[in-house]
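So you can see what is in the structure, the chains are spelled out below.
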Amino acid sequence: MNNAPATVHAGQKSRSKASKYTSQIILWAFLLIVLIVTVFPVIMAIINSFKTNIEINLGDTFFPKTWEFSNYLTAWKKGNFSTFTWNSLFISIVSTIGTLIVASMAAFAANRLPFPGKKLFVFIQSATMFISIGAVVLRPQYDIMVSLGLNKTLWGVVIILIAAHASTFFILLGFFQGIPKELDEAAMLDGCGYFRIYWRIVLPLVAPGLGVSALFAFRHGWNEYILPLVFTMSSPKLQPLTVGLANLRYGTGDAAQLNLMLAGACLSILPILVVYTLANKSFMQMSAGSLKG
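What you see is a predicted model, and the numbers here were worked out from it, not measured in a lab.

Cut-offs used in this document
- Residues numbered from 1 in each chain as written.
- Predicted model: local features only at pLDDT ≥ 70, side-chain atom pairs only at ≥ 80, totals over all residues.
- Heavy atoms only, no water.
- Helix = DSSP H or I, 4+ residues; strand = E, 2+ residues; numbered from the N terminus.
- Buried < 20%, exposed > 50% of the residue type's maximum accessible area, 1.4 Å probe, protein only.
- Contact = heavy atoms within 4.5 Å.
- Areas by Shrake-Rupley, 256 points an atom, 1.4 Å probe, with all protein chains shown as cover.
- Phe/Tyr/Trp six-rings, centres within 6.5 Å; stacked < 30°, edge-to-face > 60°.
- Arc of directions from axis to C-beta.
- Axes fitted to C-alpha atoms, helices over the stretch in contact; angles between N-to-C directions.
- Left-handed = near helix turned anticlockwise from the far one by under 90°.
- Nonpolar A, V, L, I, M, F, W, Y, C, P; charged D, E, K, R; others polar.
- UniProt positions renumbered as here; feature names shortened; annotations may be inferred.
- Core = buried A, V, L, I, M, F, W, Y, C linked by side-chain atoms within 4.5 Å.
- Salt bridge = Lys/Arg side-chain N within 4 Å of Asp/Glu carboxyl O.

A. Highlighting the overall build of the chain. Within the chain, the secondary structure is distributed over 14 helices and 0 strands. Helices and strands appear in the chain in the N-to-C order α-α-α-α-α-α-α-α-α-α-α-α-α-α. Counting every position in the chain, which comprises 293 residues, the buried fraction comes to 35%. Here the analysis covers contacts within the chain between residues at least 6 apart in sequence; of these, 71% occur between residues at least 24 apart. Accessible surface, the chain: about 18100 Å² in total, of which carbon and sulfur atoms supply 70%.

Dropping the structure here:
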């Protein structure tokens, strides 16, 4: 009779371990499925970029019979990638810098400075982020840039991308809220103004947030398609990679050149990977900080 409670306890413990292992197996199976669904298209694009166009259309082989490394050189030359890459880098880098400056100043003011209509300002920022009206605003945006004489330059695209800074605003606002305002008071006692507090004290403390925001802003500018397409219709030399990549779609015989398009797409992915590698440390710091909080 005395062994009965011990037997029951051992049975409960074994069932608990079995349940724990089962939940871990289900979790890892789910994560593996998500990983496959996410990564498999990228792997297929890379593999198919080394195939001939006929092999891709037939689809009878997983790996290419002959690895056509020349697809990348052909895509670079035929697609005028040097010009398109420069245009994409200009749009992405300048819009990223502008977005960080505008969003960080706005977030600093919303968090640190008292002014009438602050709640309304934050509400409008959130509305522009969560209420998407898409292509409806393209025409008024284009008309504004025509009136400013910027419709035939990349600056019109850059300004519009900078204006869409709501997500960056809220990311940085969360970081600013974690900085004690006592630092501002101590700096004011030493004779610092608001701009000096913003530039010398607050910004260095939110470096991880700036790094993550830069990654998202750069990705947004690099992947933007509709906006540059509208603004560069009459100026093909100003097209970025996302728009210029479509020029590889058809050859002289009007046959879809999927191998060249995939090679060009793989080339266009490289800058994003480089930027992510550089900003990865900041991204991990932000993730760790959010977990601790």
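Still to come is the rest of the account.
B. Examining the side chain of Asn71 more closely. Its place among the elements puts Asn71 in helix α3 (residues 70-78). Those residues in contact with Asn71, other than ones at most four positions away along the chain, are Ser49, Phe50, Lys51, Asn259, Leu260 and Ala263.

C. Up close: the packing of aromatic side chains. Using the criterion set out here, one finds 18 aromatic pairs in the structure. Judged by centre distance (6.4 Å) and plane angle (5°), the ring pair of Phe195 and Trp199 falls under stacked. Within this pair, Phe195 and its partner Trp199 are both found in helix α10 (residues 194-205), separated by 4 residues, close to a single helical turn. Among the aromatic residues, ring-to-ring pairing joins Phe50, Phe62, Phe63, Trp67, Phe69 and Tyr72 into one connected group.

D. Representation of α3. By the burial criterion, the buried members of α3 are Asn71, Tyr72 and Ala75. Down the axis of α3, the sector holding all buried residues measures 100°, keeping them to one side. Phi for Asn80, located one or two positions after α3, is positive at around 55°.

E. A look at the packing of helix α4 (residues 81-112) against helix α7 (residues 154-163). Viewed as axis vectors pointing N to C, α4 and α7 meet at an angle of 35°, and their least axial separation amounts to 9 Å. As for the relative orientation of α4 and α7, their crossing is right-handed in sense. Here Asn87, Phe90, Ile91, Val94, Ser95, Gly98, Thr99 and Val102 of α4 come into contact with α7, specifically with Leu154, Trp155, Val157, Val158, Leu161 and Ile162. Taken together, the residues that form the contact of α4 with α7 break down as 10 nonpolar, 4 polar and no charged.

F. A look at the UniProt feature "transmembrane region" (unreviewed entry) in the chain. UniProt tags residues 25-47, 86-108, 120-142, 154-176, 197-218 and 258-279 as "transmembrane region" (unreviewed entry). A helix fraction of 100% and a strand fraction of 0% characterise residues 25-47, whose end C-alpha atoms lie 31 Å from each other. Across residues 86-108, the secondary structure splits into 100% helix and 0% strand, with the terminal C-alpha atoms separated by 33 Å.

G. Fine view of α7. The buried fraction of α7 amounts to 7 of the 10 residues, a majority that puts the element mostly inside the structure. If you check which residues of α7 are buried, you get Leu154, Gly156, Val157, Val158, Ile160, Leu161 and Ile162. Where α7 is buried, its residues contact α4, α6 (138-148), α11 (207-223) and α12 (226-231).

H. Region of interest: the nonpolar core. With 17 residues, the main nonpolar core has Ala107, Phe108, Phe169, Phe176, Ile197 and Val202 as its most contacted residues. Counting residues per element, the ones that place at least two in this core are α4, α8 (166-177) and α10. Counting residues per element, this core draws most heavily on α4, at 5 residues. Residues contacting Phe108, with those up to four places away along its chain left out, are Leu113, Phe176, Tyr194, Ile197, Tyr198 and Val202. Ranked by size, the runner-up nonpolar core spans 15 residues in total, among them Phe81, Phe84, Ala263 and Val275.

I. Broad picture of the pattern of salt bridges. This model, assessed by the stated rule, comprises 2 salt bridges. Two residues, Asp184 and Arg112, come together in a salt bridge whose shortest N-O distance is 2.7 Å. One end of the pair, Asp184, is in helix α9 (residues 182-189); the other, Arg112, is in helix α4, with 72 residues separating them in the sequence. Note that Arg139 is salt-bridged to Asp143, the shortest N-O span being 3.0 Å. Residue Arg139 and its partner Asp143 are both found in helix α6; the two are separated by 4 residues, about one turn of the helix.

J. Examining the environment of Ile91 more closely. Looking at the element boundaries, Ile91 is found in helix α4. A C-alpha to C-alpha distance of 8.0 Å links Ile91 and Trp155, two positions 64 residues apart in sequence. Aside from chain neighbours lying at most four places away, what touches Ile91 is Leu154, Val157, Val158, Leu161, Gly221 and Pro240.

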